Amino acid sequence: MKTIGIFGGGQLGSMLTQSIFKLGGNVCIYDESKNSVCSRQVAKFYQGSYHDETNLQEFNSNCDILTYEFENIPYTTVSKFSDKTIPNSNILKICQNRIYEKQFLQNHNLPIVRHIIIENEHELEEQLRAFSFPLILKSAKGGYDGKSQYIFNSEAEFKLLATQIINNPRFFPAVAEEKISLSKEVSCIIAQTQDGNIINFPIIENVHHDNILEYSICPARINTELSKTIIQYSTQIVKAFNLIGLIVIEFFLSTNSPKSDLSIDNTHIFINEIAPRPHNSGHLTIKACNLSQFDVLARILLNMPCNQPELILSGSICMINIFGESFLNNPNGNLNFQNCALSKNLIDLNIYGKTQAKLGRKMGHLTVNHIDAMSAIELAKISKASLSS
Ligand code: ADP
Ligand code: MG
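Quick caveat, the model's predicted, so the values are computed rather than measured.

A. Main features of the overall build of the protein chain. From N to C terminus, the protein chain includes twelve helices and 18 strands. Computed over C-alpha atoms, the radius of gyration of the protein chain comes to 21 Å, within 12% of the 21 Å expected from 2.2 N^0.38 for 389 residues, which places it in the range of a compact globule. Structurally, the protein chain occupies a C-alpha span of about 55 × 50 × 45 Å along its principal axes. Per-residue burial for the protein chain yields a buried fraction of 56% across its 389 residues. Split by element, the accessible area of the protein chain, about 16800 Å² in all, is 47% carbon and sulfur.

See below:
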C-alpha cells in the first residue's frame, strides 16, 4: 500500500490521516513542532525545520505521494518534490500569496472585491488615503484565522496603528480590500480525481466572529440558482488550476455593496480566497456525508475512484468550533463533557489533543443535526457552552 507524506501535523493532517488509514494507506507526517496533533497518532513522525534538507529528503524517500494540510508551508520546501505533490506546488504558490491569488482570479475574469496592492511600508499611508475606508489591510502571506490583518473603519482608526504597521516591514507586501457588507459567507469544497472526475460537496454556510470561523451550517441557506453559480465558478477554478486534489473556495455574498460582475436576485458574489486543502468548514462532512472531505482527498491521493459525495442526514447540520476559551473558562482548565455528551443530536465531538489552550486557538469542534438551521445553531451553541459549565 502507498505511503502518503503530509507537510503539517495539525488537526487537518490528523483527520486526513484517519481517512488514509481507513483505506489501508500509510502516513508520514512532517512538522516543525514535536507536540503537533499528529505526533500522538502517527508512527512515522518527522520533526524538523522546513529548511532542513537532510530531514526533508529522508521524509520524501519514505513517501510515494506528498500533500500539505496548510498553505503556509514554504513553497521552496514543497516545490523540491513537485513531481509527486498533490495539489501541485504551483497551486500552493498562488494560494499562499493573496496578491498572486487575486491576480489569478482576475486573469480568469472571476469576481473579487475591489483592492489595491501595497508593496512596502513606504507606500502604505499614501495608498490607503487614496483608497477608501472602511477597508481591511491584509499581509499578502502567512495569515490565517484572521491573523495578520487589520480592519480600519476610518482614517482615524488607521492612524492609531500606522506607526506599528510601518515599523513591521515583514508585514509587506500587503493588500487593502474594500470592507464590504456581507449578507452571507459560503464555501465550496471541490475536487478532481486523477482520472479527471470533478466532484463537489453541498455548499456550506459560514459564520465568522472576529474574522475567525465560529460555526458552519449545511445545507447553506441560499437558493438553487446561487448554489449552481457558485459551483460553476468553483469548477472554473479547478479547470484553470488543472487541479488534481481537493480545494476549498470561500465566497462572500452581498446584497448591499458595489456591484460584482454577477448578481443573482440582487446578491453579488465575490471570491474571497482559496484553500488548496481540506477546510475547517468541511469538518461537518465527516458525519453529514457518505464521504467526508478527508475521505475524498485520501481517495485521490491513493488514486482510487471517487463518487460525488451526498448528504446522508435530513434537516440541518451545524459544526461549531471549540476554542481555547472553552478550556480556560473552566477552573480546572479542561472541558466538562457531562451535559454535552448525552444529546442524541450531537453527532460528532472531536477534541484535537493540543497541549496548550490559548485564546482563539482551535482546540476541537462539535457537530449537531437538527430539524432546521436555527435549531441546529442553537443546540450547537448550547452544547459548546456546556463544555465550560
Ligand atoms: P483568513 O485567511 O484569516 O481566513 P480572510 O481573508 O478569509 O482571512 O478573512 C477572514 C474573515 O474576515 C472573512 O471570512 C470575513 O468574515 C472577513 N473579511 C475578510 N475580508 C473582508 C472584506 N473585504 N469585507 C468584509 N469582510 C471581510
Ligand atoms: Mg478565510
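B. Structural view of the state of the cysteines. Tallied over the full model, the rule gives zero disulfides. The cysteine Cys28 is free of any disulfide, with Cys63 supplying the nearest cysteine sulfur at 4.0 Å. Its relative accessible area of 0% is what places Cys28 among the buried residues.

C. Molecular detail of the coordination of the magnesium ion (ligand 2). Looking at the metal site, the magnesium ion (ligand 2) is ligated by Glu250 (OE), Glu250 (OE) and Glu273 (OE), spaced 1.9 to 2.7 Å from it. In this pair, Glu250 is assigned in strand β13 (residues 245-254) and Glu273 in strand β15 (residues 267-275), connecting sequence segments 23 residues apart. Overall, the relative accessible area of 13% leaves Glu250 in the buried class.

D. Broad picture of the site of ligand 1. Around ligand 1, the structure places 19 residues, and the nearest of them are Lys138, Gly146, Glu185, Asn272 and Glu273. Taking Gln149, its side chain carries an N or O atom lying 3.1 Å from an oxygen atom of ligand 1. With respect to ligand 1, the side chain of Asn211 contributes an N or O atom lying 3.2 Å from an oxygen atom. Among the elements of the structure, β6 (135-139), β8 (174-178), β13 and β15 are those that each provide at least two residues to the shell around ligand 1. Per-class residue counts for the shell around ligand 1 are five nonpolar, five polar and nine charged.

E. Fine view of the pattern of salt bridges. All chains considered together, the criterion is met by 13 salt bridges. Here Lys287 ties to Asp348 by a salt bridge, and the two come within 3.8 Å at their closest N and O atoms. In this pair, Lys287 is assigned in helix α9 (residues 285-288) and Asp348 in strand β17 (residues 346-351), connecting sequence segments 61 residues apart. What you see here is one network of salt bridges that share partners, running through Lys102, Lys138 and Glu177.

F. Main features of helix α12 (residues 373-387). Over its 15 residues, α12 runs 21 Å from end to end, which matches the ideal 21 Å to within 8%, given 1.5 Å per residue. Among the residues making up α12, those that are buried are Ala373, Ser375, Ala376, Ile377, Leu379, Ala380, Ser383, Lys384, Ser386 and Leu387. Elements that come into contact with the buried residues of α12 comprise β12 (212-218), β16 (316-323), α11 (324-328) and β18 (362-370).

G. Region of the structure containing the nonpolar core. One finds Leu16, Ile20, Leu246, Val296 and Leu301 to be the most contacted residues of the largest nonpolar core, which totals 38 residues. Looking at this core, the elements that each hand over two or more residues are β1 (3-7), α1 (11-22), β2 (26-31), β9 (184-192), β12, β13, α10 (293-301) and β16. With six residues, the single largest contributor to this core is α10. Contact partners of Leu16, with chain neighbours within four places excluded, come to Ile6, Thr67, Phe294, Leu297, Ala298 and Leu301. Membership of the second largest hydrophobic core comes to 27 residues, among which are Ile91, Cys95, Ile230 and Val238.

H. The packing of aromatic side chains, seen in detail. Inspection of the entire model under this criterion finds 13 aromatic pairs. Taken together, Phe7, Tyr30, Tyr46, Tyr50, Phe59 and Phe81 form an aromatic cluster joined through their ring pairs.

I. Region of the structure containing the side chain of Asp348. Looking at Asp348, the relative accessible area reads 11%, which means it is buried. When neighbours within four sequence positions are excluded, Asp348 is seen to be in contact with Ile286, Lys287, His365, Leu366 and Thr367.

Conventions we followed
Residues numbered from 1 in each chain as written. Chains lettered and ligands numbered in written order. Predicted model: local features only at pLDDT ≥ 70, side-chain atom pairs only at ≥ 80, totals over all residues. Heavy atoms only, no water. Helix = DSSP H or I, 4+ residues; strand = E, 2+ residues; numbered from the N terminus. Rg over C-alpha atoms; globule rule 2.2 N^0.38 Å. Buried < 20%, exposed > 50% of the residue type's maximum accessible area, 1.4 Å probe, protein only. Areas by Shrake-Rupley, 256 points an atom, 1.4 Å probe, with all protein chains shown as cover. Disulfide = S-S within 2.5 Å. Donors = N, O, S within 2.8 Å, 3.2 Å for Na, K, Ca; no water. Near = heavy atom within 4 Å. Polar contact = N/O pair within 3.5 Å; in protein donor to acceptor, adjacent residues only side chain to side chain. Nonpolar A, V, L, I, M, F, W, Y, C, P; charged D, E, K, R; others polar. Salt bridge = Lys/Arg side-chain N within 4 Å of Asp/Glu carboxyl O. Expected span 1.5 Å × (residues − 1). Contact = heavy atoms within 4.5 Å. Core = buried A, V, L, I, M, F, W, Y, C linked by side-chain atoms within 4.5 Å. Phe/Tyr/Trp six-rings, centres within 6.5 Å; stacked < 30°, edge-to-face > 60°.

Just distances and angles here, no functional claims.
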